[in-house]
Amino acid sequence: MVYKKVYSNSWKLIKSNLHLIIFGLFVSILGFMQEIKILINIDKVETDFISTNIVQWLSILAKFATENLSWAAFASYMIFFLFAAIALVVSISSQGALIHSVSGNKKTGKTSSFKKCLQAGVEKFWPLLGMNVLNSLISVFFIIIVIEPIVYFLSASYVGELLYLLISIVTFFLLLPLAVVLSFVTRYGAAYIVLKNQKLTTAFVNAWILFKINWLVTIENAILLILFSMVYSLLLSGAIAVALVPLLVLSILLSFINPIAFSIIFSVGIIAAIIILILGISLYGAYYNLVWANFFVELTAPGKSHPKIHKIAKKHLPKLAK
């Protein structure tokens, strides 16, 4: 099955190339599963890293143009802009590095070195940034500007049963799925940019065609990743609890004997929990992006084999699963 191959290959890549975890840490800044969050939080859109920075940078530029800022305020805004820009470059380049890593040796599981992966990500920074900005505009601003006002309008006023039904159908069965679909398309587009060396516009068009042909397995893979994420979150929480709870209990017991020992053990417990959390997020960030990149490779490979759900749909609904 294609899923078994994709998920196992992604794990093998990480085991054979531990430097990918470093990229996973930085790419986690961009966030995960934005297309699923659209469906879950339609009434409360959460901005991602890029959309938040776009809003803040526009706000800063507006302040520069309209306000007479002191040198201290100007310096603080410039420092914020610099750190945000560095974080953006590192996170986008890490995304490109992870996508590039799936083009390594399939037999040995070895990929390019840390330096070569990073270089590949940096070289594709601008088109990848464009694809991510497009994704943010679609998944965040589109929801805020278009869908949220419609939802508020429907909940706050009486427009008649027929009009209410028509607006609801358009919103939940056309506009909302469109935002989710385009979010998947930009994910494939990033892979086209890095692995197929395509320009932004060409990559987006080809990504749309790829999704249109493989929409069913794309959604199925997203659902599998949701289930995986739930299990992983439980395991990560359990690991943190195993590391933290015994140390906290010991520190409380020692607090009656030696306050200094209490402070030391308590600090060690907190540091251990933070380290486990960072490693857990880094591992998840690398694995999540590798799964999508490997999934793209399988979908675009010659003589690809579809999962069972696609074959069933093609048999019974051939027009929907070409």
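Here the structure is shown first, and the text comes after it.
So, how was this worked out
- Residues numbered from 1 in each chain as written.
- Predicted model: local features only at pLDDT ≥ 70, side-chain atom pairs only at ≥ 80, totals over all residues.
- Heavy atoms only, no water.
- Helix = DSSP H or I, 4+ residues; strand = E, 2+ residues; numbered from the N terminus.
- Contact = heavy atoms within 4.5 Å.
- Areas by Shrake-Rupley, 256 points an atom, 1.4 Å probe, with all protein chains shown as cover.
- Axes fitted to C-alpha atoms, helices over the stretch in contact; angles between N-to-C directions.
- Parallel < 35°, antiparallel > 145°, perpendicular 65-115°, else oblique.
- Left-handed = near helix turned anticlockwise from the far one by under 90°.
- Patch = residues over 30% accessible without salt bridge, like charges linked within 9 Å, V, L, I, M, F, W, Y side chains within 5 Å.
- Salt bridge = Lys/Arg side-chain N within 4 Å of Asp/Glu carboxyl O.
- Buried < 20%, exposed > 50% of the residue type's maximum accessible area, 1.4 Å probe, protein only.
- Nonpolar A, V, L, I, M, F, W, Y, C, P; charged D, E, K, R; others polar.
- Core = buried A, V, L, I, M, F, W, Y, C linked by side-chain atoms within 4.5 Å.
- Phe/Tyr/Trp six-rings, centres within 6.5 Å; stacked < 30°, edge-to-face > 60°.

Enquirer: Explain the overall build of the chain to me, and be specific about the residues and the numbers.
Expert: Helices and strands together make up the secondary structure of the chain, namely 12 helices and zero strands. Listing each helix as α and each strand as β along the chain from the N terminus yields α-α-α-α-α-α-α-α-α-α-α-α. In the chain, once contacts between residues fewer than 6 apart in sequence are set aside, the share between residues at least 24 apart is 78%. As displayed, the chain has an accessible area near 17,900 Å², and 74% of this comes from carbon and sulfur atoms.

Enquirer: Run through the packing of helix 5 (residues 71-101) against helix 6 (residues 114-123), naming residues and quoting values.
Expert: Running from N to C, helix 5 and helix 6 cross one another at 120°; their axes reach a closest spacing of 7 Å. As summarised for this structure, helix 5 and helix 6 are arranged oblique, according to the angle between their axes. Crossing handedness for the pair helix 5 and helix 6: right-handed. Taken together, the residues of helix 6 that come into contact with helix 5 (itself represented by Ser93, Gly96, Ala97, His100 and Ser101) are Lys116, Cys117, Leu118, Ala120, Gly121 and Val122.

Enquirer: Can you lay out a nonpolar patch on the surface for me, pointing to particular residues and giving the numbers?
Expert: On the surface, a nonpolar cluster with roughly 670 Å² of combined accessible area is contributed by Ile22, Leu25, Phe26, Ile29, Phe114, Phe266, Ile270, Ile274 and Ile278. With four residues, helix 11 (residues 259-300) is the single largest residue contributor to the nonpolar patch. By the element assignment, Ile29 lies in the loop between helix 2 (20-27) and helix 3 (34-40). A relative accessible area of 31% places Ile29 in the partly exposed class.

Enquirer: Describe the packing of helix 2 against helix 5, with residues and values.
Expert: When two helices pack together, their arrangement is given by the angle between the helix axes and the distance between those axes. Contact geometry of helix 2 with helix 5 gives a least axis separation of 8 Å together with a crossing angle of 140°. Classed by the angle they form, the pair helix 2 and helix 5 counts as oblique. Here helix 2 and helix 5 pass one another in a crossing that is left-handed. Contacts between helix 2 and helix 5 involve Leu20, Phe23, Gly24, Phe26 and Val27 from the former and Val90, Ser91, Ser94, Gln95, Ala97, Leu98 and Ser101 from the latter. Residues that form the contact of helix 2 with helix 5 fall into these classes: seven nonpolar, five polar and no charged.

Enquirer: Help me get a handle on the nonpolar core, residues and values and all.
Expert: Judged by nonpolar contacts, the single largest core of 58 residues is most densely connected at Ile92, Tyr188, Trp292 and Phe295. Looking at which element gives the most residues to this core, the answer is helix 11, with 12 residues. Excluding residues within four positions of it along the chain, Ile92 makes contact with Leu30, Ile50, Phe125, Leu128, Leu129 and Asn132.

Enquirer: Outline the packing of aromatic side chains, listing residues and values.
Expert: A complete count under the given rule lists 18 aromatic pairs for this structure. Here Trp71 and Phe74 contribute two aromatic rings whose centre-to-centre distance is 6.0 Å and whose plane-to-plane angle is 85°, an arrangement assigned as edge-to-face. Separated by three residues within a single helix, Trp71 and Phe74 lie in helix 5, roughly one turn from each other. Overall, Trp71 belongs to the exposed group, its relative accessible area being 74%. On the basis of relative accessibility, which here comes to 33%, the residue Phe74 falls in the partly exposed class.

Enquirer: Just give me the short version of the pattern of salt bridges, but keep the residues and values in it.
Expert: For the coordinates displayed, the defined rule picks out one salt bridge. Residues Glu298 and Lys5 are paired through a salt bridge, measuring 3.3 Å at the closest nitrogen-oxygen approach. Placement of Glu298 in helix 11 and of Lys5 in helix 1 (residues 2-16) is noted, with a sequence separation of 293 residues between them. Overall, Lys5 belongs to the partly exposed group, its relative accessible area being 44%.

Enquirer: Quick rundown of the environment of Asn17? Include the residues and the values.
Expert: Its location among the elements puts Asn17 in the loop between helix 1 and helix 2. Here Asn17 falls in the buried class, since its relative accessible area comes to 3%. The spatial distance from the C-alpha of Asn17 to the C-alpha of Ser113 is 8.3 Å, given a sequence separation of 96 residues.

Enquirer: How would you summarise unusual backbone geometry if you had to cite specific residues and measurements?
Expert: Most peptide bonds adopt trans geometry, and most residues besides glycine take a negative phi value. Of note, the phi angle at Asn197 is positive, near 55°, even though the residue is not glycine. Structurally, Asn197 can be placed in the loop between helix 8 (161-195) and helix 9 (200-213).

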